[in-house]
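# Descriptive analysis of the structure
Here are the chains, one letter per residue:
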Amino acid sequence: MVSEAKSAIISKMTLSVGKDPAFATDYDWFLACALAARDRATLRFLEGKRVTASDGKKRVYYLSLEFLIGRQLTDVLSNLSLLDVFRAALEDLGVDYERVRSAEPDAALGNGGLGRLAACFMESMATLGIPAYGYGIRYDHGLFRQVIYDGWQEEYPEDWLSFGTPWEFLRTDVVFNVGFGGSVETYVTPAGITRYTWHPGEVVHAVSYDTPMVGWRGRSVNPLRLWSARAVDPLRLELFNRGDFAGASSDQARAEAISKFLYPSDETPSGQELRLRQEYFFVSASLQDLLSRHRRIYGDLHSLPERAAIQLNDTHPAVAIAEMMRLLLDEHGLPWNEAWAITSATFSYTNHTLLPEALETWPLAVFERLLPRHLQIIYFINNLHLEAAKKAFPEEPELLRSVSIIDERDGRKVRMGQLAFVGSHAINGVSALHTDLMRKTTFRDLNRIYPDRIQNKTNGITFRRWLHQSNPGLTAILKEVCGAEVVDNPEVIERLAAHAGDSALQDRIRAVKLANKTALAKVIAERTGVRVDPAALFDVQIKRMHEYKRQLLNLLETAALYDAIRANPDADWTPRVKIMAGKAAASYVNAKFIIKLANDIAQVVNNDPAVRDLLKVVFLPNYNVSLAEVIIPAADLSEQISTAGMEASGTGNMKLALNGALTIGTLDGANIEIRDNVGNDNIFIFGLTTDEVSYRRERGITAGQAIAASPMLAGVLNAVSGGRFSPDDPGRFVQLIDGLRGADRYMVTDDFDSYYAAQRRVDACWNSGEPWTRSAIINIANMAWFSSDRTIAEYAREIWNVPVDL
Ligand code: NBY
């Protein structure tokens, strides 16, 4: 096996990379290994396509504008059971696997949780043998690279594709035309039926690239099909010949802009026309592709719902509802009712947020200019939908306003959430609380018209990447204590619980954690210059920077703790390292100030001899999947402190608990389900509940009371806004802190005292030693339910109607 791998790698190095191994760089070795690994997945990949074509198996199509894959080499090798073989082969060749692995750039084609969920789902679908295609965009530039300069975030373009990628196959035969703009022609057939033809004003090509997604033990290999935009004619020769070189390639530039970059704002849709072009571009290509596949195999489109399930990952691909109708009506000549029956039986939609500013809408004018025929279809859909609503609730004209796909208030808009809901047979939230809130708030009236459409599918994570690959030390313990089958069946992790009090096991768990923390300490030193003690409590908040996630609450507690330590340096403090990482959308002013505050606090605290090693503060730049893989196994404490009701689910919370971190968190999103699984005694819950949050909001209760009631809070607000951490610019944080003193939309002040108290409970528990490790073990033991295999099995059974054995 090892010798086989060795010669495969050498042969790739020589014949595909074109390098003499003696002169190969780490990146060359990565390429050679990736190509050799891909070979071993390819036969299974082709076999999967053949089988599903011949056996009539239902396919799942996962439409997502984001797939946050990260590095793939270890994932592919490990899932093919070849990791040790390749490692040994490289060692024989005198090459260090770690360096080769690190030479791979992250495929960062996503912003955060939503994109990473899509990546976990692709892996789980392949693992469960579900025939699935992921459809998305092959962005030339993924999420920006974050550099921290003088404490401020700077954004630089990300370049993962600049040297190509060894994982993909270009499909030169899978190219579709995608139209934009133009006009709609209406005519009446001899039989008296009105028909419509769209004449787009502009056409671009969608070219496809397939990346194999390998399931655990190579059970199946599914394609992730990403579309790249090309101009139909690369050059306007008549302009070129006249010397107008820029004009000659302007069509090309305009077309290629579509797949040029990922929009970097999570939670707040950009509203730019280019974004709508991206959405329609990949949706149209994907639907044309899957319809032509269906017709090739089955001939008739009426059987589509039995053979295909299309999942919309948030509303970003929701224009698919209108595009499917257009294709069925205009291109395939189906009557409306049949087309609608097929469409709504095929689609389902996942909602990832209820934040009002995050719900996607498009101004009618933009929509009409870009997609005139689709707007017409949406009007038809809406008319029928509102008729039905009127019939069901004749006494409630207000209800029509809330369920309408067209928002008639200031400046008319298309509401993508309503469109996705009306066009789908199943709509799901991503945690129990979030789904409950969907039914009660944003989708309350739609839920009354279409009861039983809303379901819950609590998120999950793939244990292959987030446990086995990223934490081999812990995995080795689990295999020994729970049995080797733990890598195939996470439920047996539960066996760990029986040994939670066993001091030998506790020692081993602590030793693995310490080793992981030592590795992280090295990364921290390299990237920030800060030296931290691996024996200290590693307190971690890693996620996109957003006010609702309340990194500011964490920082205020840090500042308060710092003052408390200075006031009483000889007390029995728990040495802590506060670790924060995350990117802010470039235009999100407050989020960028919060990053600056973290760095300013770090400057002051880390250089104050009075606090010694009792407190260190670190902001790690450029958080991405690869950095997460280093931080998560090294965390002791997981910060999940969003305002209750605002974090739809969270998935980082699951990764951290699975790796033995205890959670300090609010009763929000999946934190609640984590608590239900690990037990109240093994998690630090604090703060307002969702009901208390809405009570305060409804009564307009603002920060005044909380500040008046808490001298510590008042003191820390004064310190930050008074320039205590920004002596070079004392007014720097005045506005940020004034936001808390005023409306305090995210109720940071209300939760401050109970958060501070919960942190002191954390200190006490950490100092007690044994009980902490015991709790950590109980956390690990009870996380099996959060495997994305479980989540995907639920989607398969309850939404897609696809057989699955799990
Ligand atoms: O989806 C996240 C939720 O905040 C988190 O609670 C949940 O666990 C996760 C998976 O369900 N949402 C998220 O990551 N959203 C985005 O990344 C996003 C990206 C782009 C846009 C909106 C949201 N956009 O409008 O462009």
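Cut-off values and rules
Residues numbered from 1 in each chain as written. Predicted model: local features only at pLDDT ≥ 70, side-chain atom pairs only at ≥ 80, totals over all residues. Near = placed C-beta within 6 Å. Nonpolar A, V, L, I, M, F, W, Y, C, P; charged D, E, K, R; others polar. Domains from an automatic or database assignment. Helix = DSSP H or I, 4+ residues; strand = E, 2+ residues; numbered from the N terminus. Contact = placed C-beta atoms within 7 Å. Pairing = 2+ DSSP bridges. Core = buried A, V, L, I, M, F, W, Y, C linked by C-beta atoms within 7 Å. Buried ≥ 20, exposed ≤ 12 C-beta atoms within 10 Å, placed from the backbone. Axes fitted to C-alpha atoms, helices over the stretch in contact; angles between N-to-C directions. Parallel < 35°, antiparallel > 145°, perpendicular 65-115°, else oblique.

Around the ligand, the structure places 23 residues, and the nearest of them are G113, L114, D266, P269 and S649. Residue classes in the shell around the ligand are distributed as seven nonpolar, twelve polar and four charged. Two domains each provide a minimum of three residues to the shell around the ligand, namely domain 2 (57–67 + 106–163 + 211–223 + 266–459 + 792–800) and domain 3 (463–786).

What follows concerns the environment of L290. The residue L290 is located in helix α10 (residues 273–298) in this model. Once the C-alpha coordinates of L290 and A308 are considered, the two residues, 18 residues apart in sequence, prove to be 8.6 Å apart. Setting aside its immediate chain neighbours within four residues, L290 contacts Y61 and A308.

Summarising the sheet, strand β7 (residues 169–180) and strand β10 (residues 202–214) pair through nine bridges and their orientation is antiparallel. Residue pairing for β10: F176 is matched across the bridge by A206. Relative to strand β11 (residues 221–231), β10 runs antiparallel, the two being bridged by eleven bridges. Within β11, the residue paired with V214 across the bridge is V221. Counted along the chain from β10 to the antiparallel partner β11, the turn is six residues long, and its residue R217 has a positive phi close to 60°.

A word on the nonpolar core. Side chains of nonpolar character tend, in soluble globular proteins, to be buried together. Residues C33, A37, Y61, M122, A320, A598 and I631 are the most contacted members of the largest nonpolar core, which totals 232 residues. The element best represented in this core is helix α2 (residues 26–55), accounting for ten residues. With sequence-adjacent residues up to four places away left out, A598 is seen in contact with L555, M580, V617 and F619.

So, about the environment of I9. Relative to the helices and strands, I9 resides in helix α1 (residues 2–17). With 653 residues separating them along the chain, I9 and L662 place their C-alpha atoms 42 Å apart. The residues touching I9, leaving out its near neighbours within four places in the chain, are A32, C33, A36 and A89.

The subject of this paragraph is unusual backbone geometry. In this structure, S81 takes a positive phi of about 55° despite not being glycine. Note on placement: S81 falls in the loop between α3 (73–79) and α4 (83–92).

On to the packing of helix α12 (residues 320–331) against helix α15 (residues 372–392). Where α12 meets α15, the axes come as close as 9 Å, and the angle between the chain directions of the two elements is 100°. On the basis of their axis angle, the class for α12 and α15 is roughly perpendicular. For the pair α12 and α15, the contacting residues are A322, E323, M325 and R326 in the first and R373, H374, I377 and I378 in the second.

Looking now at the sheet that holds strand β22 (residues 637–640). Pairing is parallel in the open sheet, where six strands are placed in the order β21-β20-β19-β22-β23-β24. The open sheet is flanked by β21 (615–619) and β24 (684–685), the only strands paired with a single partner. Sheet analysis places strand β23 (residues 662–665) next to β24, joined by two bridges and oriented parallel. Residue I664 lies in a different strand from β24, and its bridge partner there is F684.

This paragraph deals with the domain arrangement of the chain. In terms of domain boundaries, the chain breaks down into domain 1 (1–55 + 72–105), domain 2 (57–67 + 106–163 + 211–223 + 266–459 + 792–800) and domain 3 (463–786). Relative placement of domain 1 and domain 2: their C-alpha centres are 35 Å apart. Taken together, the contact pairs 14 residues of domain 1 with 15 residues of domain 2. Elements represented by at least two residues in the side of domain 1 that touches domain 2 include exactly α2 and α3.

Think of a sheet as strands paired side by side through backbone hydrogen bonds, with each pair either parallel or antiparallel. Strand order in this open sheet of nine strands is β7-β10-β11-β4-β1-β12-β13-β17-β18, and the pairing throughout is mixed. Edge positions in the sheet fall to β7 and β18 (454–456), since each has one partner strand and no second. Between one strand axis and the next, the sheet turns by 25° as a mean value, whatever way the strands run. Where strand β4 (residues 132–137) and β11 come together, four bridges link them in parallel fashion. The residue of β11 that forms the bridge with Y135 is R225.

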